[in-house]
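Report on the structure
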Amino acid sequence: MVSVKVKLRRSSVAGKAGVVYFQIIHRRETRRVSTDIRLLPSQWDAVRQRVVAGRGVDACRLQRSIDGEKDLLHRVVAELESAGGVFVADDVVERFRDPELRISFLQFMRGRIAQLTSTGNLGTARNYRYASESFASYLDGVDLPLRAFTDEIVEGYNLYLLRRGVVRNTVSFYMRILRAVYNMAVRRRLVEQTFPFRNVYTGVDRTRKRAVDESVISRLMRLDTGRSKSLEIARDLFMFSFYARGMAFVDMAYLRKSDIRDGIISYERRKTGQRLSVRLEPCMKSVVDRYADRARDTPYVFPILRSAVPEAAYRQYSVALNYYNRRLKVLSDMLGLEAGLSSYTSRHSWASVARNHHVPVSIISAGMGHASEQTTLIYLASLENSVIDDANRRVIALLSGAPSRSRCAVPSGL
């Protein structure tokens, strides 16, 4: 049986802080492992083996560091015991000090962010960076070893976020990112799977309705923008997104001229990596042609991005998305809508209009590239794209009341 205790070695100099250390006893052998924590005797509770809260000491941060290291020691002991062989106290100390074992969670996460950045997944890297900064704020300068990442840490972080008024969906968003990082460490065998996220919420709550009905889409399509070029392109991009089965703004921004061939748009969704093909309907081609001159000196279809350098292009996309949403808010006000339009509205609305007109959910799912609906996507793996294009043609035709195989309605002047 291995005994692990936390103690304070007092300084021989009066009034000087002593050193917190771990005492390991096994087979009548005693070893000490010092920490970087220095405390005065009045700041240490020897009976409870805990830091005493008081003036001049950040008890919570220091105790979290001690608890993390102690938990790591217990895990080392458990691993040595499960191996079934004979070991001594020195083996515990040696394993505890192993550099590989001491890879920290935030250090590993930073490596993951760098990898995502290098492969061009800048949006995901940004989200990971936000989660990393939030978690680092909770740790308050203490970086935990991967193997000290426990359910207690996760639950404490969850409570930390909720107490600061972070909404549940955002808390869940951070938790899912941390879980992805942790699971990758498990796959690389850097840590044993202990399911530390089992007691926190990692789902997605329903948010307010983002879709608008077809009457709003029709009104927007015919809206007089008062010769405002910025409102005009915002309206046109919104309509193109709707016509293209709810193409996301990020995919429109990165859509290249080379992605359109023989009347087919073939592109890879930035969010999921799934490749989709959409027939270039006449109304969609009109929008593309309208902005051809403004995008002439770029590889892109629309005049949203200018640079082909990933980092610069992503910065331009972020600025454009913010401006696009602000312009959509103005259009919302012009239409007298209570709930404002956003970059998500066209995507949600296409699905809503299609479903209201009895397009099967399976076809809607395939048309939008919903990778999360795994069962549906597997079932639809062999579905011909022409079926989806026919459904899209029907949805577009509903706006003008035209026959399903006629040209789709477009904003005046396109």
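On a predicted model such as this, the values are computed, not experimentally measured, just so you know.

Some remarks on the packing of aromatic side chains
The final tally for this structure, using the stated rule, is 19 aromatic pairs. The interplanar angle of 75 degrees and the centroid separation of 5.0 Å between the aromatic rings of F240 and F302 together place this pair among those described as edge-to-face. Placement of the pair is F240 in helix 8 (residues 229-243) and F302 in the loop between helix 10 (282-290) and helix 11 (310-335), with a sequence separation of 62 residues. Taken individually, F240 and F302 each receive the classification buried, so the pair is uniform in this respect. A ring pair is formed by Y314 and Y317, whose centres lie 5.7 Å apart and whose planes are at 45 degrees; its orientation type is tilted. Separated by three residues within a single helix, Y314 and Y317 lie in helix 11, roughly one turn from each other. Accessibility expressed as a relative area gives 13% for Y314, which makes it buried. Each residue in the set F105, F135, Y138, F149, Y157, Y160, Y182 and F197 is aromatic and connected to the rest through ring pairs, giving one cluster.

Some remarks on the pairing of strand 3 (residues 29-39)
Note: strand 2 (residues 18-26) against strand 3, eight bridges, orientation antiparallel. Each bridged residue has a counterpart across the sheet, and for I24 the counterpart in strand 3 is R31. Where strand 2 folds back on strand 3, the antiparallel hairpin that results is connected by two residues, among which R27 adopts a positive phi of roughly 55 degrees.

Rules behind the numbers
- Residues numbered from 1 in each chain as written.
- Predicted model: local features only at pLDDT ≥ 70, side-chain atom pairs only at ≥ 80, totals over all residues.
- Heavy atoms only, no water.
- Phe/Tyr/Trp six-rings, centres within 6.5 Å; stacked < 30°, edge-to-face > 60°.
- Helix = DSSP H or I, 4+ residues; strand = E, 2+ residues; numbered from the N terminus.
- Buried < 20%, exposed > 50% of the residue type's maximum accessible area, 1.4 Å probe, protein only.
- Pairing = 2+ DSSP bridges.

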